[in-house]
Amino acid sequence: MDIGGAYGGGKAGGAFDPIAFVQRPTVILRAVCWLFAIIVFGCVSSEGWREEANGKEYCIINRDGNACNYAVGIGVIAFLASMGFIAGEYLFEQMSSVKTRKHYVLADLGFSAFWSFLFFIGFCYLTNQWGKADDPPNGEGVNNVQASIVFSFFSIFTWAGCAYFAFLRFKAGVDPSFSSTYESDPSAAQQYAAYPASNDNDQFQEAPFSGQQQQQQQQRDYSQPTY
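Please read all numbers here as calculations on a predicted model, not as lab measurements.

Bringing the overall build of the protein chain into the picture now. Counting its secondary structure elements, the protein chain contains eight helices and two strands. Element order for the protein chain, N to C, with α for helix and β for strand: α-α-β-β-α-α-α-α-α-α. Here the protein chain holds 227 residues, and 32% of them are scored as buried. Taking all contacts inside the protein chain whose residues are at least 6 apart in sequence as the whole, residues at least 24 apart take part in 79%. Summing over all exposed atoms, the protein chain offers an accessible surface of approximately 14,600 Å²; the carbon and sulfur share of this is 58%.

In structure tokens:
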């Protein structure tokens with residue numbers, strides 16, 4: 001991972017390379033999180049609910065509506081957040097303020113770690129309720145629920161990976177090249193060091209042409225007639 005600039009990003013205003021952008025580990029991992037989120041909430045939304053004879057819907061995961069709603073909820077938010085962070089990866093290089101980059105990295109770190117924890121809770125919750133559930137009629141929706149559980153488990157590690165990359169960025173901090181021009185330019189100090197420091201014991205040099213002026217004055221004194 002490139003950590004050469006401020007919080008792992010290059011200097012603002014650089015040329016945008018789309019090929020290099022999609023090859024970044026952070027962008028690839030965000031895309032994987034986006035795909036897994038679609039599977040988690042899509043499978044439960046499409047086949048996780050059944051309708052009884054009286055027209056009332058129920059969740060096939062042990063008839064626990066909270067289980068289905070939880071899977072859909074964390075999946076939809078993860079889907080939207082993944083797209084937002086992918087856009088943030090593009091805008092990150094355009095952030096000229098170091099403080100703005102720091103706030104973005106901290107937000108990325110906090111959200112990714114928290115959502116990894118929520119997917120862990122969701123995996124345990126769905127697995128527990130699915131183990132207690134009766135088999136749906138004709139086995140409808142079984143594959144969808146199992147897929148949602150499996151990709152909830154995978155999402156734990158993908159979001160944890162995003163948090164790890166954010167931690168590396170935060171640890172990288174600010175590169176010296178983003179300091180002020182004077183501080184980062186070593187020639188500035190050398191220019192001032194080129195001049196010798198003054199010393200109280202230094203003697204004043206004799207002014208130029210002072211010796212010649214004294215000789216000319218003595219010659220004029222001798223040339224004057226004496227009485």
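Here the narrative resumes.
Bringing the environment of Ile149 into the picture now. Here Ile149 lies in helix α5 (residues 142-172). On a C-alpha basis, the gap between Ile149 and Cys124 in space is 8.8 Å, while along the polypeptide they are 25 residues apart. When near neighbours in sequence (up to four residues on either side) are disregarded, Ile149 contacts Phe123, Leu126, Thr127 and Trp130.

This part covers unusual backbone geometry. One non-glycine residue, Asn62, lies in positive phi territory at about 60 degrees. Structurally, Asn62 is set in the loop between β2 (57-59) and α3 (65-92). Since its relative accessible area comes to 29%, Asn62 is described here as partly exposed. For Asn138, which is not glycine, the phi torsion reads 60 degrees and is therefore positive. For Asn138, the location among the structural elements is in the loop between α4 (98-132) and α5. Among the residues examined, Asn138 registers a relative accessible area of 77% and is labelled exposed.

The next subject is the nonpolar core. Grouped together as the largest cluster of nonpolar side chains are 21 residues, with contacts concentrated most on Ala78, Phe92, Tyr104, Trp115, Phe119 and Trp159. Among the elements of the structure, α2 (25-47), α3, α4 and α5 are those that each provide at least two residues to this core. Residue contributions to this core peak at six residues, all from α3. Residues Ala71, Trp130, Ala133 and Val142 belong to the second largest nonpolar core, which totals 14 residues.

Further remarks concern a nonpolar patch on the surface. Nonpolar side chains collect at one region of the surface, where Trp34, Leu35, Leu80 and Met83 lie side by side and expose about 360 Å² of accessible area between them. Among the elements of the structure, α2 and α3 are those that each provide at least two residues to the nonpolar patch. For Leu35, the position within the fold is in helix α2.

Attention now goes to the state of the cysteines. Here, the word disulfide means a covalent bond between the sulfur atoms of two cysteines. One pass over the structure, following the stated rule, counts one disulfide. In this structure Cys162 is a free cysteine whose sulfur lies 3.9 Å from that of Cys33, the closest cysteine sulfur available. Since its relative accessible area comes to 4%, Cys162 is described here as buried.

All right, on to the UniProt feature "transmembrane region" (unreviewed entry) in the protein chain then. When the UniProt feature table is mapped to this numbering, "transmembrane region" (unreviewed entry) covers residues 27-49, 69-92, 104-128 and 148-168. Annotation note: span residues 27-49, helix share 91%, strand share 4%, distance between end C-alpha atoms 34 Å. A helix fraction of 100% and a strand fraction of 0% characterise residues 69-92, whose end C-alpha atoms lie 33 Å from each other.

Scanning the entire structure with this criterion turns up six salt bridges. In this structure, the salt-bridge partner of Asp108 is Arg30, at a minimum N-O distance of 2.1 Å. You can see Asp108 sitting in helix α4 and its partner Arg30 sitting in helix α2, a full 78 residues away along the chain. Judged by its relative accessible area of 4%, Asp108 is buried. You can call Arg30 buried: its relative accessible area is 2%. Between Arg50 and Glu140 there is a salt bridge; the shortest N-O distance is 3.4 Å. Of the two residues, Arg50 is situated in strand β1 (residues 49-51) and Glu140 in the loop between α4 and α5; the sequence distance between them amounts to 90 residues. Ionic contacts of the salt-bridge type, sharing partners, join the residues Arg24, Glu89 and Arg169 into one network.

Reading guide: rules and limits
Residues numbered from 1 in each chain as written. Predicted model: local features only at pLDDT ≥ 70, side-chain atom pairs only at ≥ 80, totals over all residues. Heavy atoms only, no water. Helix = DSSP H or I, 4+ residues; strand = E, 2+ residues; numbered from the N terminus. Buried < 20%, exposed > 50% of the residue type's maximum accessible area, 1.4 Å probe, protein only. Contact = heavy atoms within 4.5 Å. Areas by Shrake-Rupley, 256 points an atom, 1.4 Å probe, with all protein chains shown as cover. Core = buried A, V, L, I, M, F, W, Y, C linked by side-chain atoms within 4.5 Å. Patch = residues over 30% accessible without salt bridge, like charges linked within 9 Å, V, L, I, M, F, W, Y side chains within 5 Å. Salt bridge = Lys/Arg side-chain N within 4 Å of Asp/Glu carboxyl O. Disulfide = S-S within 2.5 Å. UniProt positions renumbered as here; feature names shortened; annotations may be inferred.

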